[in-house]
Amino acid sequence: MDLRWDLLRPVMCVPYFPTLGPLHPEAVSAELLAEVFAVAGTGEFLPHDKDRRWSDHKDEHVLVDAVVQDQARTLIPTITGRGILRVHLYGAREYRPEAEELAAKLAAGRDASKARVVWFQDAADPVAASTRVQLRAFDQDAPAVEGIEALGQQPEAIRTTFPEFAEKLAGEGFVFLHSRIDSVGPVLVAVQDERVVGGIGPMETMADPIGRRRLLPQYFGVLPEYRGLGLGRLLWRSAMHWGKECGADYQLLQTAAGGASDRLCQSEGLADLGFVCTTTV
């Protein structure tokens, strides 16, 4: 169907597009959404898609013919090559049962392994998995942080401890990051007791749809036995210094509502852009 921007925009309470994720509020536009629809099913990346750094093939695409829309709600389904089907609901939460029904129907018809509904609201949902979208603008100072350096600048004896660190934080994505460590930007690390105990990276920027420089999302974590020492904050501030020094205009993050990273970002004064809520059908 021909999706109407004039119907979608009034019910879009969080700047988030299917397949692209969170966006700077000023980057949200009818033209950008049309670009997302235009590459659906081609495997091509848009030039400003943050996932380009990980693959040469876009894994998720919009199911253009399955979009549902009226003045009250817009439902935009997507599917990944791994068989994960998502229905993105823009509109009131009361339309979630309809979105769940559509997700189940589409998943069955396409033999999808999982079906999910993603919707957007101003507060965390009490029962669904909720992530807060936050914006950090680099229009303020970001001082250098002592004691945090890039992994590549550490002595070899310290660098050799990174694989063990990555294994212990496999759930935070560090095993995957370690597998790409030679092809991505620097990883900043905290060192205690002659080993890596915390990390944030890769540090990279990319132009967004309107030409601003975006600091891309990073993997971020500290070993459990070293938490509570302020290392997470030092890593975070060091990453912000890197972004400022490298000309980034802003960073967008998604943090699990109420989690440690969420509390850290809130205490650092990031702008709250709303919540992305997800449930499995």
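These lines cover the structure that appears in this document, whether it is placed above or below. Predicted model, so just to flag it, every value in this text is computed and none were measured.

1. Some remarks on the overall build of the protein chain
What the protein chain contains, in helices and strands, is 8 helices and 16 strands. Taking 19 Å as the expected radius of gyration for a compact globule of 281 residues, we find that the protein chain reaches 20 Å, a close match to that expectation. Expressed along its principal axes, the backbone C-alpha trace of the protein chain runs to roughly 60 × 40 × 35 Å. The 281 residues of the protein chain split such that 51% are buried. Considering only residue pairs separated by 6 or more positions, the protein chain has 65% of its internal contacts joining residues 24 or more positions apart. A total accessible area of about 13200 Å² is found for the protein chain, and carbon and sulfur atoms account for 48% of it. Put simply, the protein chain has 29 plus and 39 minus side-chain charges, and the middle of one group is 2 Å from the middle of the other.

2. A short note on the environment of R96
Mapped onto the elements of the fold, R96 is located in helix α3 (residues 96–109). On a C-alpha basis, the gap between R96 and A166 in space is 38 Å, while along the polypeptide they are 70 residues apart. Discounting chain neighbours no more than four positions away, the residues touching R96 are L89, V117, W119 and T279.

3. Structural notes on the side chain of Q134
Note on placement: Q134 falls in strand β8 (residues 129–137). On the basis of relative accessible area, Q134 is assigned to the buried category, the value being 0%. At a separation of 2.9 Å, a polar atom in the side chain of Q134 contacts the side chain of Q266. When near neighbours in sequence (up to four residues on either side) are disregarded, Q134 contacts Q251, L252, L253, T255, D262, C265, Q266, L270 and A271.

4. Considering the packing of aromatic side chains
Taken as a whole and assessed by the stated rule, the structure comprises 9 aromatic pairs. Taking 6.4 Å as the distance between ring centres and 55 degrees as the angle between the ring planes, the aromatic pair formed by F174 and Y219 counts as tilted. Here F174, found in helix α6 (residues 174–179), pairs with Y219, found in strand β14 (residues 219–222); they are 45 residues apart in sequence, far enough to count as distant. For F174, a relative accessible area of 0% puts it in the buried group. The structure contains a cluster of three or more aromatic residues connected by ring pairs, namely W54, F162, F165, F174, F176 and Y219.

5. Quick notes on unusual backbone geometry
That bond from G201 to P202 is cis: its omega, 5 degrees, falls within 30 degrees of zero. Notably, D111 is not glycine yet its phi reads approximately 55 degrees, a positive angle. Summarising the element assignment, D111 is placed in the loop between α3 and β7 (114–121). Within the chain, D193 stands out as a residue other than glycine whose phi angle is a positive 50 degrees. Inspection of the secondary structure puts D193 in the loop between β10 (188–192) and β11 (195–201). Residue classification places D193 among the exposed positions, given a relative accessible area of 58%.

6. Describing helix α7 (residues 231–245)
Over its 15 residues, α7 runs 21 Å from end to end, which matches the ideal 21 Å to within 8%, given 1.5 Å per residue. Residues of α7 that are buried: L231, G232, L235, W236, S238, A239, M240, W242 and G243.

7. Some details on the environment of A137
Residue placement: A137 occurs in strand β8. A relative accessible area of 28% means that A137 is categorised as partly exposed. Considering only alpha carbons, one finds A137 and D262, 125 residues apart in sequence, at a separation of 17 Å. Look past the residues within four positions of A137 in its chain and what remains in contact with it is D249 and Y250.

8. Notes on the pattern of salt bridges
Counted under the stated rule, the structure contains 17 salt bridges. Across the salt bridge formed by D51 and K58, the nearest N and O atoms sit 3.3 Å from each other. By relative accessible area, D51 is classed as partly exposed at 27%. Residue K168 is joined to E164 by a salt bridge in which the shortest nitrogen-to-oxygen separation is 3.5 Å. Linking K168 with E164, this pair stays in helix α5 (residues 162–168), spanning 4 residues, or about one helical turn. Judged by its relative accessible area of 44%, K168 is partly exposed. Among the charged side chains, a salt-bridge network with shared partners connects D49, D51 and K58.

Conventions used here
- Along each chain, the written sequence defines residue order, and numbers are assigned to residues from 1.
- A pLDDT threshold of at least 70 governs which residues receive local features in this predicted model, and a stricter bar of 80 or more applies before side-chain atom pairs are shown or counted, although totals over entire chains, interfaces and linings include all residues.
- Excluding hydrogens and water, the side-chain figures rest on all heavy atoms present in the structure.
- What counts as a helix is a DSSP run of H or I of at least four residues, what counts as a strand is a run of E of at least two, and both are numbered from the N terminus.
- Atoms considered for the radius of gyration are the C-alpha atoms alone. The globule rule reads 2.2 Å times the number of residues to the power 0.38.
- Exposed residues in this analysis have more than 50% of their type's maximum accessible area, buried residues have under 20%, and partly exposed residues fall in between, with area computed by a 1.4 Å probe over protein chains only.
- Contact definition: two residues touch when any of their heavy atoms are within 4.5 Å.
- The method behind every accessible area is Shrake-Rupley, applied with a 1.4 Å probe, and residues are considered shielded solely by the protein chains displayed.
- By the counting scheme adopted, Arg and Lys are positive, Glu and Asp are negative, and His together with the chain ends is not counted.
- Lys charges are placed at NZ, Arg charges at CZ, Asp charges at CG and Glu charges at CD.
- The term polar contact refers here to a pair of N or O atoms within 3.5 Å; inside protein, the definition further demands a hydrogen-donor-capable atom paired with an acceptor-capable atom, and it admits residues adjacent in sequence only when both atoms are side-chain atoms.
- Stacked, tilted and edge-to-face pairs are distinguished by plane angle, under 30 degrees for stacked and over 60 for edge-to-face with tilted covering the rest, among Phe, Tyr and Trp rings (Trp via its six-membered ring) whose centres lie within 6.5 Å.
- Under the convention used throughout, the expected extent of a helix is 1.5 Å for every residue step, that is, one less than its residue count.
- Put simply, a salt bridge is a Lys or Arg side-chain nitrogen that is within 4 Å of an Asp or Glu carboxyl oxygen.

It is worth stressing that arrangement in space is one thing and function is another; only the former is reported here.
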